[in-house]
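These are the residues of each chain, in order.
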Amino acid sequence: MSSTLSDLRAMKPTAWINPDLASFQIAQADLDLKREDIDEAEAVLLRAAPWLAENFPDTDKGIIESPLTLYGNVWVKLDSHLPISGSIKARGGIYAVLKLAEDLGGELGDREAFSKYTITVASTGNLGLSIGIMSAAIGFKVEVHMSRDARAWKKDLLREKGCTVIEHEGDFTAAVSSARAASEGDNTFFIDDENSRDLFLGYAVAARRLKRQLELSGVEVSADNPLHVYLPCGVGGGPGGVLFGLKTEFGDNVHGYFVEPTHAPSMTLGLATQLYDEISVADIGLDGHTIADGLAVGKTSAFVGTRVKRLVTACVTANDETFVQDMRRFYGVHGIFIEPSAAAGFSGQRAFSHLPGTHLVWATGGAMVPVAEREALLGQKN
Ligand SMILES: *Cc1c(COP(=O)(O)O)cnc(C)c1O
């Protein structure tokens, strides 16, 4: 652990093996989350499917799902191409908004009924897009607090959709505090990326769908052929939720690896020190700046850290240059654009590629990145 800490301080790419990994049966006994909670989340999404189908023709009859494809000997889950908002946040964020709409008792389609409510959220970009687009479509008023790392095009797009965008000079944690403070009023609901059960469960639904995709592809997950899944990690809701879902489907035959930028290794730091959300990367002298804007967070979600502490097999950190190289390589070889955050999984896969089993990289975003921005990232600026 102390060598992990000195690696983190020195921003040296590292792999931390979790000494607290437990069998899922044992880990689950302490969890306040059950398979039935994922059932409920999936049911909310299914009930909304007819309305989603009508309003978002890019969904598959109202189901928000992404392709699973084999590239060489590595499977890639292309959440970069999730309908509606083009990132893994289309799972958690859209679920959280749909659940709120249901809890409020409104009928999807009755914009008037929802217009008296305001949803607030803080984001490094993609959660804001996901929640902003869905809230605006339902008829909610939306206020998105963007941290300094958020890209300009994401703010422009949200304003176009009718969302109020508030820009902050500070980091993600500061944006969250502002959004929380702005949510005191009546009829205002704050979706808290730093502490959300709903986001977590929305992400978890991905696992059962992946299970079906693996079955259809003839991949059998077993003790002899374990599944290794590499997930880019920011606050931890996305990777944590997906991993919890996977553990409920595959138990100890699945291994989850979280990958983070060397400048913002919040989950690695929180787990390795067992301080979870009580420690921030600034506390060890890191600036939190990274090209992987989706992962640019200083501390983990209070909800997620303690709940995944016995589920994660290992955490891996890598530097921005590696993310960019993997992004370019994936585009160059397969013609598919994924954003730098979304390429993080490849670093995890390289660190553990020697392990027997099926390896799966979760590519978490990219389809909505505008062409000019893509070209700049790919180094093809004319
Ligand atoms: C948000 C995000 C993640 C990580 O999800 P967290 O819930 O913040 O851990 C990974 N990749 C992309 C592209 C994201 O936008």
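Residues numbered from 1 in each chain as written. Predicted model: local features only at pLDDT ≥ 70, side-chain atom pairs only at ≥ 80, totals over all residues. Heavy atoms only, no water.

A.B. asks: How would you explain the overall build of the chain if you had to name every residue and give the values?
C.D. replies: Counting its regular elements, the chain contains 16 helices and eleven strands. Relative to a compact globule of 382 residues, whose C-alpha radius of gyration would be 21 Å, the chain shows 19 Å and is just as compact. Counting only C-alpha atoms, the chain reaches 55 × 50 × 45 Å along its principal axes. Within the chain, the proportion of its 382 residues that are buried is 61%. Restricting to contacts in the chain with at least 6 residues of sequence separation, those with at least 24 account for 74%. (Helix = DSSP H or I, 4+ residues; strand = E, 2+ residues; numbered from the N terminus. Rg over C-alpha atoms; globule rule 2.2 N^0.38 Å. Buried < 20%, exposed > 50% of the residue type's maximum accessible area, 1.4 Å probe, protein only. Contact = heavy atoms within 4.5 Å.)

A.B. asks: Before we move on, could you go through the pairing of strand S8 (residues 227-232) and cite the residues and values that matter?
C.D. replies: In terms of residue burial, S8 counts as a mostly covered element, since six of its six residues are buried. Residue alternation in S8 divides its side chains into two sets, Leu227, Val229 and Leu231 and His228, Tyr230 and Pro232, and both sets are buried. The pairing of S8 with strand S9 (residues 254-261) spans six bridges and is parallel. Looking at the pairing, leucine 231 lines up with phenylalanine 258 of S9. You can see the chain leave S8, run along helix H11 (residues 237-250) and come back into S9, and the turn it takes is right-handed. Bridge count for S8 against strand S11 (residues 358-363) is four bridges, and the pairing is parallel. Of the residues in S11, the one forming a bridge with tyrosine 230 is valine 361. (Pairing = 2+ DSSP bridges. Right-handed = clockwise from strand over helix to strand, strands pointing away.)

A.B. asks: Mind laying out the pattern of salt bridges, listing which residues take part and the relevant values?
C.D. replies: Taken as a whole and assessed by the stated rule, the structure comprises 26 salt bridges. Arginine 91 is the partner of aspartate 79 in a salt bridge, and the nearest nitrogen-oxygen pair spans 2.7 Å. Separated by twelve residues along the polypeptide, aspartate 79 in the loop between strand S3 (74-78) and helix H4 (89-103) and arginine 91 in helix H4 bring together distant segments of the chain. For arginine 91, a relative accessible area of 5% gives the class buried. For arginine 151, the salt bridge goes to glutamate 373, with nearest N and O atoms at 2.6 Å. (Salt bridge = Lys/Arg side-chain N within 4 Å of Asp/Glu carboxyl O.)

A.B. asks: For the sheet that holds S9, give the residues involved together with the corresponding values.
C.D. replies: Remark on secondary structure: sheet strands pair via backbone hydrogen bonds, oriented parallel or antiparallel. Pairing is mixed across the open sheet formed by seven strands, whose spatial order is S1-S10-S9-S8-S11-S3-S2. A strand with exactly one partner marks an edge of an open sheet, and here the two such strands are strand S1 (15-17) and strand S2 (68-71). The average angle at which neighbouring strand axes cross in this sheet is 25 degrees, direction not considered. As defined by bridge partners, S3 adjoins S11 across five bridges and the pair is classed as parallel. Pairing of valine 76 across the sheet is with valine 361, part of S11. The strands that helix H12 (residues 266-273) touches are S1, S9 and strand S10 (312-318); relative to S10, the one it contacts most, it runs at about 130 degrees. (Axes fitted to C-alpha atoms, helices over the stretch in contact; angles between N-to-C directions.)

A.B. asks: How would you explain the site of the ligand if you had to name every residue and give the values?
C.D. replies: Surrounding the ligand, one finds 16 residues, the nearest of these being Lys89, Asn126, Gly236, Gly238 and Thr364. In this structure, lysine 89 approaches the ligand through a side-chain N or O atom, which is 2.7 Å from an oxygen atom. Here an oxygen atom of the ligand and a backbone polar atom of valine 235 are 3.0 Å apart. For the ligand, the protein covers 99% of the area, taking 380 Å² as the surface of the free molecule. Judged by the proximity of its atoms to the pocket grid, the ligand belongs to the largest cavity. Here the shell around the ligand gets three residues from one element, more than from any other, and that element is H11. (Near = heavy atom within 4 Å. Polar contact = N/O pair within 3.5 Å; in protein donor to acceptor, adjacent residues only side chain to side chain. Areas by Shrake-Rupley, 256 points an atom, 1.4 Å probe, with all protein chains shown as cover. 1 Å grid on protein atoms, 1.4 Å probe; cavity = no way out; pocket = protein on both sides within 12 Å on 5 of 7 lines; lining within 4 Å. Sits in = over half its atoms within 2 Å of the grid points.)

A.B. asks: Account for the packing of aromatic side chains, naming residues and giving values.
C.D. replies: Each aromatic ring pair is specified by the distance between its two centres and by the angle formed by the two planes. In the structure shown here, the tally under the stated rule is eleven aromatic pairs. Consider the rings of tyrosine 71 and phenylalanine 330, whose centres lie 5.0 Å apart with planes at 80 degrees: the pair is edge-to-face. Placement of tyrosine 71 in strand S2 and of phenylalanine 330 in helix H14 (residues 320-334) is noted, with a sequence separation of 259 residues between them. By relative accessible area, which is 15% here, tyrosine 71 ends up buried. Cluster of aromatic residues (ring-pair linked, three or more members): Phe24, Phe200, Phe244 and Phe303. One Lys or Arg, arginine 307, reaches over the ring of phenylalanine 303 and ends 3.8 Å from the middle of that ring. Sitting over the face of the ring of phenylalanine 346, arginine 329 holds its NZ or CZ atom 5.0 Å from the ring centroid. (Phe/Tyr/Trp six-rings, centres within 6.5 Å; stacked < 30°, edge-to-face > 60°. Lys NZ or Arg CZ within 6 Å of the ring centre and 35° of its normal.)

A.B. asks: Can you explain helix H16 (residues 371-378)? Please cite residues and give values.
C.D. replies: For H16, the set of buried residues is Glu373, Leu377 and Leu378. The buried residues of H16 occupy an angular sector of 130 degrees when the element is viewed end-on, so they sit on one face. The exposed set on the far side of H16, more than 90 degrees from its buried face, consists of Val371 and Ala372. Looking at the buried residues of H16, the elements they touch are helix H7 (152-160) and H14. Just downstream of H16, glycine 379 is the residue with a positive phi angle, here 75 degrees. (Arc of directions from axis to C-beta.)

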